[in-house]
Amino acid sequence: KTVFVSGATGFIALHIVNDLLNAGYRVIGSARSQEKCGKLLEKFGNNPSLSMEVVKDISDLNAFDEVFKKHAKDITIVLHTASPFRFDTTEYEKDLIIPAVNGTKSIFNAIKKYGAQTVERVVVTSSGAAQIQPAYCNRDGLIVDESTWNDCAWANCTTDAVTAYCASKTFAERVAWDFLRENKGQVKFKLSTVMPVNVFGPQMFPEPSKTTLNTSSEIINKLVHTNKDTEWDQFNGGYIDVRDVSRAHLCAFEKEECAGERLSLFGGMFATQDILDIINDDFPQLKGKIPVGRPGTGKELTTKGFQINNERTKILLGFEFIGLRQSVDDSVRQILEVESKA
Ligand code: NDP
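Bear in mind the structure is a predicted one, so any value in this text is a computation, not a measurement.

**Side note on the overall build of the chain**
At step 1: Counting its regular elements, the chain contains 11 helices and 12 strands.
At step 2: Computed over the C-alpha atoms, the radius of gyration of the chain is 20 Å, within 12% of the 20 Å expected from 2.2 N^0.38 for a compact globule of 342 residues.
At step 3: A separation of at least 24 residues holds for 76% of the contacts in the chain among residues at least 6 apart in sequence.
At step 4: Counting every atom, the chain has about 15500 Å² of accessible surface; 49% of that belongs to carbon and sulfur.

Quick look at the structure:
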């Protein structure tokens, strides 16, 4: 079977491509340039089961037409992971919301035009951001589950990058479910969405030249590089390991019972204090160099505010999630190894 993966160059998508190839699928990935396509093929040792296509900018409503025109007869599964995940912009609509929304519209329209009879399953990488507005996260007693939606509106979501990113994921996921409702009978595929919280864990192909990592990995990378006397961000939220996120994308289309489901990928709550505690405990070479904070006090933050119930997802997926300690340890070990070789 052939799987199409949009945004194959991403932190999460590289793990997905790797898992798909290991599981025996043929994979067609998309990246923004020929150069990125070439590099990715090289990283996977020019595996004959992997090919790449250029999709320049997912803000273009016809972005995926060419790829699907060419390959739709072969593609049975589509994993749409491409979407901007960055906070370093003030052009919220142009850089976050439009690409997320139009990218989703564009891939669904291309499936309808060229793969209505051939594409069987579609998985959209949504986010925990599509479940709750950042402004509600400190509400004690608020419980979010697979049926909960971020209730943001376009009119008031462009206040800051975090709010706008969360809205971009919400609007994009809505596009997906709405499309399916509006096109019942005209397309064959079943839809699932995957909603990870902050994704940690190792990079598939660590690059010594990269000092800044993708947005979620940067949370850990930044702490590893914070001087002990420097202020650091007190931050808390949910975590999940990238290897579990990838595995869940495969389950989402392989398991019949995952069709029509929103899968909430949440391993537990963390505070940056918990990450510092783990790094200070497990990496003696960093002790005295990075901040210590107030060890053991992370739970003062994580037991407050909203909580996530993903019991339904855990039953559907049927595998145990990697814990925070292993996720942090494997991330930090890789960062230090790569730097020691640079
Ligand atoms: P990355 O930034 O590593 O990956 C994002 C991918 O989307 C890259 O392939 C990127 O291409 C592509 N992309 C972004 N903007 C455009 C655009 N305008 N046109 C074409 N391609 C574009 O982040 P992640 O791997 O973390 O994110 C992957 C998905 O997972 C996203 O949908 C994100 O919203 C979602 N997610 C991530 C979480 C996390 O904590 N990491 C949590 C919840 C959801 P390029 O490499 O060229 O920049």
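**Considering the sheet that holds strand 11 (residues 268–271)**
Across a sheet, strands are paired by hydrogen bonds formed along the backbone, either parallel or antiparallel in direction.
At step 1: Taken together, the 3 strands give an open sheet; going across it, the order is 8-9-11, and neighbouring strands pair in mixed fashion. If you trace the sheet from one side to the other, it starts and ends with strand 8 (198–200) and strand 11, each paired once. Sheet twist, expressed as the average angle between the axes of neighbouring strands with direction ignored, equals 50 degrees.
At step 2: Direction of pairing for strand 8 relative to strand 9 (residues 236–241): parallel, over a ladder of 3 bridges. Directly across from Val 199, in strand 9, lies its bridge partner Ile 240.
At step 3: Along the sheet face, helix 8 (residues 272–282) touches strand 8 and strand 11 and points at about 80 degrees away from the line of strand 11.
At step 4: This element, helix 11 (residues 324–341), spans strand 8, strand 9 and strand 11 of the sheet and lies at about 60 degrees to strand 8.

**Focus on the pattern of salt bridges**
At step 1: Applying the stated rule across the entire model yields 20 salt bridges.
At step 2: For Lys 113, the salt bridge goes to Asp 65, with nearest N and O atoms at 2.6 Å. Of this pair, Lys 113 sits in helix 4 (residues 92–115) while Asp 65 is found in helix 3 (residues 65–71), placing the two residues 48 residues apart along the sequence.
At step 3: For Arg 325, the salt bridge is made with Asp 281, and the minimal N-O distance between the two is 3.7 Å. Remark: Asp 281 occurs in helix 8 and Arg 325 occurs in helix 11; sequence separation between them is 44 residues.
At step 4: Owing to a relative accessible area of 40%, Arg 325 belongs among the partly exposed residues under this scheme.
At step 5: A network of salt bridges, in which partner residues are shared, links Asp 241, Arg 243, Asp 330 and Arg 333.

**Focus: the sheet that holds strand 2 (residues 26–31)**
At step 1: Reading across the sheet, the 7 strands line up as 3-2-1-4-5-7-10 and stay open at both edges, with parallel pairing between neighbours. The open sheet has two free edges, formed respectively by strand 3 (50–54) and strand 10 (262–265), since each of these has just one partner strand. Ignoring which end each strand starts from, the neighbouring axes of this sheet average 20 degrees apart.
At step 2: Relative to strand 3, strand 2 runs parallel, the two being bridged by 5 bridges. Residue pairing for strand 3: Val 27 is matched across the bridge by Leu 50.
At step 3: Contacting strand 1 (2–6), strand 4 (75–80), strand 5 (121–125), strand 7 (190–196) and strand 10, helix 7 (residues 242–254) crosses the sheet at an angle of about 150 degrees to strand 5.

What counts, and where the lines are drawn
Residues numbered from 1 in each chain as written. Predicted model: local features only at pLDDT ≥ 70, side-chain atom pairs only at ≥ 80, totals over all residues. Heavy atoms only, no water. Helix = DSSP H or I, 4+ residues; strand = E, 2+ residues; numbered from the N terminus. Rg over C-alpha atoms; globule rule 2.2 N^0.38 Å. Contact = heavy atoms within 4.5 Å. Areas by Shrake-Rupley, 256 points an atom, 1.4 Å probe, with all protein chains shown as cover. Pairing = 2+ DSSP bridges. Axes fitted to C-alpha atoms, helices over the stretch in contact; angles between N-to-C directions. Salt bridge = Lys/Arg side-chain N within 4 Å of Asp/Glu carboxyl O. Buried < 20%, exposed > 50% of the residue type's maximum accessible area, 1.4 Å probe, protein only.

By themselves, these are just geometric observations and shouldn't be taken as functional.
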